[in-house]
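Secondary and tertiary structure notes
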Amino acid sequence: MLDLKFVRTNMDRIEQMFKDRGYELDLSRFRTLDEKRRSVLTDLEELRHERNTVSDKIAVMKKQGEDASSLISQMKTVSASIKELETELPEVVDELNNLLLLIPNIPHESVVVGRDPDDNPVIRTWGEIRDFEYPPLPHWELGEKLNILDFSRAAKIAGSRFSLQSGLGAALERALINFMIDVHTRYHGYSETLPPFLVNSESMTGTGQLPKFREDLFKVEGWDLFLIPTAEVPVTNIHRDEILSFDELPIKYVSYTPCFRSEAGSYGKDTRGLIRQHQFNKVELVKFSRPEDSYGELEALTADAEDILRRLELPYRVVSLCSGDLGFSAAKTYDLEVWLPGQQLFREISSCSNFTDFQARRANIRFKRKGGSGTELVHTLNGSGLAVGRTLVAILENYQQADGSVAIPEVLRPYVGDLSTIRMGG
RNA sequence: GGAGAGAUGGCCGAGUUGGCUGAAGGCGCUCGCCUGCUAAGUGAGUGUAGGGUCAAAAGCUCUACCGAGGGUUCGAAUCCCUCUCUCUCCGCCA
């Protein structure tokens, strides 16, 4: 959510931003509501002021035994008017707020204006793309041959877009989770946290999933609870409605959670394999930063995510999302895309974003400067470090060998009993 | 699921025969004084948000906020209703 005053005084900039993002929203109602709000508020406050002063007078008169009945009857009409305005004001405020919640974040000046992913500039590329002396297999074929992925049984149990991993397929997933958390806690200074996997609608609103993206979420029937689509939601909401101290910033969390997404509107996309699932595992990095440091923290956070790929020796590139591809709440996003030889393409494996004060305003996460008066909004950031399922995909496809086996990356071996290879029949 | 207790400022904790209580007192914190250092002492200050005034900031001023929402009343932290959360005991359970 943007600041009301900012929107009021920067309508042109907002309109331009809509164009850059390819976003449609009619702001004509905004002005009307904004003015209405202030006029109602002013009237209301004047009436309340009158009520307060006269009520005090009544109290004094009664104490002195004087007759206050004329004042009291006079105040009855004032009270009635107050009540009227008190029902009107929230209606105006709610509508204004709902409008405000539909305005996306302002992209950072470094974000390239563009339409779609094709316009995303590549920032850097790392690692050697391996030459195969045979056509490399996609991970779903490797996984089924090795008996570690079973998509047909997953469909029986839950339906499409679910997976069943067994043996080393399950163990490697677990190894990756532990490996990632270990690297981020030991070498990058993050604190581990294990949050609820279901959250209420207030939390979903705080990070921006609601009200606009309800159809992407799984909701628990009969409860005000949603399955989290990312750890970003519960972890960012850890500090909802809190005032943090200047000294403790930045706060850095790493959190493993499963993620649940309805993938509405993605019918026919990535139907095979582990790429697009209703449920997947992710290790997430979340930061609460001082405003002046947040873009530096974004670079650091991206580097922290990249470090996992480097340690796993998986080739990847970093792209900066253009205005048209940028998420609703983000001011700037780097995507990490890992090379998948089985499909001959770079595939998103992490998305690292600076939300500036956009989420913090919604979620009411503030801090206090040392000598300063008043509070300021923190900046929030997050990024996958990494999507675990997709990392497994990348390992299977990049580490596959001519005989159908898959080598296990050096750094993961301690996590799987020092095994070096996944072979047929275990 | 049954029975009971509670929710006040950064924290603890008064205030419930409705009326200068935005809220006593204590702790903490900030600035100053004092003190070889520390501790102690001492003076002042210390919530958030939204209006108005102002070019803006400061300042001044108004309004709201004592878990949330509603009601009674000229007037509610105080009375009534609903909800949420926390705690204790019993039951159940990984």
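Located above this text is the structure these notes cover.
Residues numbered from 1 in each chain as written. Chains lettered and ligands numbered in written order. Predicted model: local features only at pLDDT ≥ 70, side-chain atom pairs only at ≥ 80, totals over all residues. Heavy atoms only, no water.

**What to know about the side chain of Ser-320**
Within the secondary structure, Ser-320 is located in strand β8 (residues 316-320). Residues within four places of Ser-320 in sequence aside, it is in contact with Asn-120, Pro-121, Ile-123, Lys-332, Thr-333 and Tyr-334. (Helix = DSSP H or I, 4+ residues; strand = E, 2+ residues; numbered from the N terminus. Contact = heavy atoms within 4.5 Å.)

**Side note on the sheet that holds strand β7 (residues 279-289)**
Across the sheet, which stays open at both edges, the 8 strands sit in the order β1-β8-β9-β10-β13-β7-β6-β2 with mixed pairing between neighbours. Two strands bound the open sheet, and with one partner strand each, they are β1 (122-126) and β2 (191-192). Relative to β7, strand β6 (residues 251-260) runs antiparallel, the two sharing 10 bridges. Across the sheet, residue Phe-260 finds its bridge partner in β7, namely Gln-279. Across the sheet, helix α7 (residues 168-186) lies against β2, β6, β7 and β13 (379-387), angled at about 10° from β7, the strand it touches most. Against the sheet, helix α12 (residues 388-398) engages β7, β9 (332-340), β10 (345-354) and β13, with an angle of about 40° to β13. (Pairing = 2+ DSSP bridges. Axes fitted to C-alpha atoms, helices over the stretch in contact; angles between N-to-C directions.)

**A few points about helix α3 (residues 28-63)**
An ideal rise of 1.5 Å per residue puts 52 Å on 36 residues; α3 measures up with 54 Å between its terminal C-alpha atoms. Phe-30, Leu-33, Asp-34, Val-40, Leu-44, Leu-47, Val-54, Ile-58 and Met-61 are the residues of α3 that are buried. Of the surrounding elements, those touching the buried residues of α3 are α1 (4-9), α2 (11-21) and α4 (69-100). In the stretch just after α3, Gly-65 is the one whose phi turns positive, near 75°. (Expected span 1.5 Å × (residues − 1). Buried < 20%, exposed > 50% of the residue type's maximum accessible area, 1.4 Å probe, protein only.)

**Quick word on the sheet that holds strand β11 (residues 365-368)**
Taken in spatial order, the 3 strands of this open sheet run β5-β11-β12, and their pairing is mixed. With one partner strand each, in any of the chains shown, β5 (242-245) and β12 (376-377) form the two edges of the open sheet. With 4 bridges joining them, β5 and β11 adopt parallel strand pairing. Among the inter-strand pairings, Leu-244 is bridged to a residue of β11, identified as Phe-367.

**With respect to the packing of aromatic side chains**
By the definition in use, this model includes 10 aromatic pairs. Centroid distance Phe-179 to Tyr-415: 6.1 Å. Interplanar angle 80°. Geometry classified as edge-to-face. Residue Phe-179 is located in helix α7, and its partner Tyr-415 is located in the loop between β14 (406-407) and β15 (421-422); the two are separated by 236 residues in the primary sequence. By relative accessible area, which is 4% here, Phe-179 ends up buried. Among the aromatic residues, ring-to-ring pairing joins Phe-18, Tyr-23, Phe-213, Phe-328 and Phe-358 into one connected group. When the ring centre of Phe-226 is taken as reference, the NZ or CZ atom of Lys-219 above it lies at 5.3 Å. The ring of Phe-246 is capped by Arg-290, whose NZ or CZ atom sits 3.7 Å from the centre of that ring. (Phe/Tyr/Trp six-rings, centres within 6.5 Å; stacked < 30°, edge-to-face > 60°. Lys NZ or Arg CZ within 6 Å of the ring centre and 35° of its normal.)

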